[in-house]
Structure formats: structure tokens, C-alpha cells
Amino acid sequence: MKAAAENSDELAAIWDARYGASERLWSGRVNPILEAEAASLAPGSALDAGCGEGGDSLWLARRGWRVTGYDLSAVAVERARAEAARLGFSDLASFDRSDLAVDPPPESAFDLVSGQYLHVIPSQREPLYRGLAAAVRPGGMLLLVLHDIRDLDLGIPRPPAETMLEAEELRAYADGFSAADVELRPRAAVDRAGQPATAHDLVLRAIR
Ligand SMILES: C[S@@+](CC[C@H](N)C(=O)[O-])C[C@H]1O[C@@H](n2cnc3c(N)ncnc32)[C@H](O)[C@@H]1O
């Protein structure tokens, strides 16, 4: 995502171009923090916010979750739908194009709301993350995983700094939840020079 984009259409065009530049942008594997946090949950209804090509949604569907994936990019949504059909999960995993900062998801509707590396421009931050928190059903989990801003100092390719959050700001989106932890979790990465580096993810895990 380029920082220069200022509205939904520009952002969608940027993401469509990024997806359109290759046959597949992401690995298709579940993001490790979602895997770790959701593995012990009983399946229910899940929202995969900024679902991309649907790797996380399809992992959840395989475990019996009913998943709705939303993404700004029509190209990504088409790929996620095609993969769900190919794997026989179209009944459990559905995908729609949506700018979640403009059209928030239904309130109190999901047992799990997951947003993995969903970095947005500052004007979208408040409506988008608030909307995701509001979409969690009482007793459900909000799981937001973001790149940590300090990764930029290590020369690790990351979204623009203005799309990054500090821990306290992230935690504030779970105000009113019964449990809300924000922590930095390390993981192996590669810097711009191709050298091994330790990146950090900023993780909000909260129960409503
Ligand atoms: C870094 S990708 C992560 C994709 C997926 N979660 C994954 O981990 O493979 C961020 C995704 O968020 C989507 N996105 C960005 N802004 C969005 C918005 N306002 N509403 C919905 N999706 C958005 C992008 O199109 C992109 O697919």
C-alpha cells in the first residue's frame, strides 16, 4: 500500500495492481499467530478482515468455521472465491469486496474477528478498527496482528510508517472488552539486503 492513496478507490486500484502483478501474492498458508490463537477455539462464525487471497479463511473453514472474508481488492476476492470452490469450501467460506472503513461489518455478529497485517491510511484507522471490534459477539475474540513500526529501523520491507500503530493505540480499540492484551511477538524475517533479521508483530488479542 502506498501512502499517497487518499481514498477508497485509489487504495483499491493500488491493491488490485499489486495482486494483478503476479498469479499469487501470498503463500496460501495460514498466518502463524491466527493458527496459534484459533487452534483451541470451538468453531463458530469468523470474519477475516482484509482476507487477501483467502489463506486464513480457508484454514478456518477446514476446521469447521463459517467464514466471511472481506477485502478491498476485487482481484484478491476473486482468487479467494476460486480457491474456496477448488477446495470444496464454498459453503463455509464466502468472500466479498468491501472497504471496511467505509462499510463496517455487521455488529456483534462473529465469534472471531481476525485482521492479519491490515494496515490502513490514518483517515481509515478509527472507523476500520472500531468497526472490527464492534463486529465481535459477546464472548468472542478480536485478533489484530500488525507489523511493528520498529521493523522499519531494521531495514525490513514494511508498509509506510503512517499506517503503523503503537501498542496503546491498538489496545484502545478493544476498550470495553473483558480481556485485552497487546504484545510484541518476534519472528524470523529478511531485511532489504537479504540478511536474516528478527521482525516483530504487534498483536492485540481481546475477548469481548
Ligand atoms: C498485507 S495484505 C494481508 C492479506 C491477508 N490478511 C494475509 O495475511 O495474507 C492486506 C490486505 O488488506 C486489504 N485492505 C486494505 N485496506 C482495506 C480496507 N480498507 N478494507 C478491506 N480490505 C482492505 C488489502 O487489499 C490486502 O489484501
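It should be noted that the structure appears before, not after, this text.
Analysis parameters
Residues numbered from 1 in each chain as written. Predicted model: local features only at pLDDT ≥ 70, side-chain atom pairs only at ≥ 80, totals over all residues. Heavy atoms only, no water. Salt bridge = Lys/Arg side-chain N within 4 Å of Asp/Glu carboxyl O. Helix = DSSP H or I, 4+ residues; strand = E, 2+ residues; numbered from the N terminus. Near = heavy atom within 4 Å. Polar contact = N/O pair within 3.5 Å; in protein donor to acceptor, adjacent residues only side chain to side chain. Areas by Shrake-Rupley, 256 points an atom, 1.4 Å probe, with all protein chains shown as cover. Nonpolar A, V, L, I, M, F, W, Y, C, P; charged D, E, K, R; others polar. Axes fitted to C-alpha atoms, helices over the stretch in contact; angles between N-to-C directions. Parallel < 35°, antiparallel > 145°, perpendicular 65-115°, else oblique. Contact = heavy atoms within 4.5 Å. Pairing = 2+ DSSP bridges. Buried < 20%, exposed > 50% of the residue type's maximum accessible area, 1.4 Å probe, protein only. Right-handed = clockwise from strand over helix to strand, strands pointing away. Expected span 1.5 Å × (residues − 1). Arc of directions from axis to C-beta.

Novice: I tried to follow the pattern of salt bridges on my own but got confused; where do I start?
Specialist: This structure, assessed with the given rule, holds 16 salt bridges. When the shortest N-O distance is used, the salt bridge between Arg 24 and Glu 53 registers 3.8 Å. Note that Arg 24 is positioned in the loop between helix 1 (8-20) and helix 2 (32-38) and Glu 53 in the loop between strand 1 (45-49) and helix 3 (55-62), a separation of 29 residues in sequence.

Novice: Which parts of the structure should I look at to understand the site of the ligand?
Specialist: Neighbouring the ligand are 19 residues; Tyr 19, Asn 31, Gly 50, Asp 71 and Asp 99 lie closest to it. For the ligand, a nitrogen atom lies 3.1 Å from a polar atom in the backbone of Gln 116. Isolated, the ligand exposes 600 Å² of accessible area, and the fraction of that covered by the protein chains is 92%. Counting only elements with at least two residues in the shell around the ligand, the list comes to helix 1 and helix 5 (122-134). Among the residues making up the shell around the ligand, the classes are represented as ten nonpolar, seven polar and two charged.

Novice: Looking at this model, I keep getting lost on the packing of helix 1 against helix 4 (residues 74-87). Mind explaining?
Specialist: Each pair of packed helices gets described by two things: the angle between the helix axes and the distance between those axes. Across the interface, helix 1 lies against helix 4 with an axial gap of 7 Å and an inter-helix angle of 50°. Relative to helix 4, helix 1 is oriented oblique. Along its contact with helix 1, which presents Asp 16, Tyr 19 and Gly 20, the element helix 4 presents Ala 74, Val 75, Ala 76 and Arg 79.

Novice: So what exactly am I meant to see when it comes to the pairing of strand 6 (residues 179-190) here?
Specialist: Strand residues, when the strand is regular, have side chains that alternate between the two faces of the sheet. Summarising the sheet, strand 6 and strand 7 (residues 196-207) pair through twelve bridges and their orientation is antiparallel. Directly across from Ala 180, in strand 7, lies its bridge partner Ala 206. Hairpin connection from strand 6 to strand 7: five residues lie between these consecutive antiparallel strands, with Gly 194 at a positive phi of about 85°.

Novice: Explain the pairing of strand 4 (residues 110-116) here, please?
Specialist: Along strand 4, six of the seven residues are buried, which leaves the element largely enclosed by surrounding structure. Relative to strand 4, strand 1 runs parallel, the two sharing four bridges. Paired with Leu 47 across the two strands is Val 113, which belongs to strand 4. Alignment of strand 4 against strand 5 (residues 136-147), held across six bridges, turns out to be parallel. Bridge pairing in strand 5 links Gln 116 to Val 145. Chirality of the crossover, the property in question, places the unit of strand 4, helix 5 and strand 5 among those that are right-handed.

Novice: Can you help me understand unusual backbone geometry in this one?
Specialist: Note: most peptide bonds trans; most residues except glycine with negative phi. You will see that Ser 108, though not glycine, has its phi angle at about 50°, which is positive. Mapped onto the fold, Ser 108 is located in the loop between strand 3 (93-97) and strand 4. Judged by its relative accessible area of 32%, Ser 108 is partly exposed. Phi at Tyr 117 is positive, roughly 60°, even though this residue is not glycine. Among the structural elements, Tyr 117 can be located in the loop between strand 4 and helix 5.

Novice: Can you help me understand the sheet that holds strand 1 in this one?
Specialist: Sheets are built from strands that pair by backbone hydrogen bonding, the pairs being arranged parallel or antiparallel. Here seven strands make up an open sheet; going across it, the order is 3-2-1-4-5-7-6 and the pairing mixed. Of all the strands in the sheet, just strand 3 and strand 6 have a single pairing partner and so form its edges. Within this sheet the neighbouring strands show an average axis-to-axis angle of 15°, counted without direction. When strand 1 meets strand 2 (residues 66-71), the two strands line up parallel, connected through five bridges. Bridging from a neighbouring strand, Ala 46 pairs with Val 67 of strand 2. The strands that helix 4 touches are strand 2 and strand 3; relative to strand 3, the one it contacts most, it runs at about 165°.

Novice: Would you take a moment to explain helix 4 for this structure?
Specialist: Spanning 14 residues, helix 4 covers 20 Å between terminal C-alpha atoms, matching the ideal 20 Å at 1.5 Å per step. Inspection of helix 4 places Ala 76, Val 77, Ala 80, Glu 83 and Ala 84 among the buried residues, and these make up the whole buried set. Buried residues along helix 4 cover an arc of 130° about the axis, so they all sit on one side. Lining the buried residues of helix 4 we find helix 1, helix 3, strand 2 and strand 3. In this structure Ser 73 caps helix 4, since a side-chain oxygen of it lies 3.3 Å from the backbone nitrogen of Val 75. Just beyond helix 4, the residue with positive phi is Gly 88, at close to 80°.

By themselves these figures say nothing about function.
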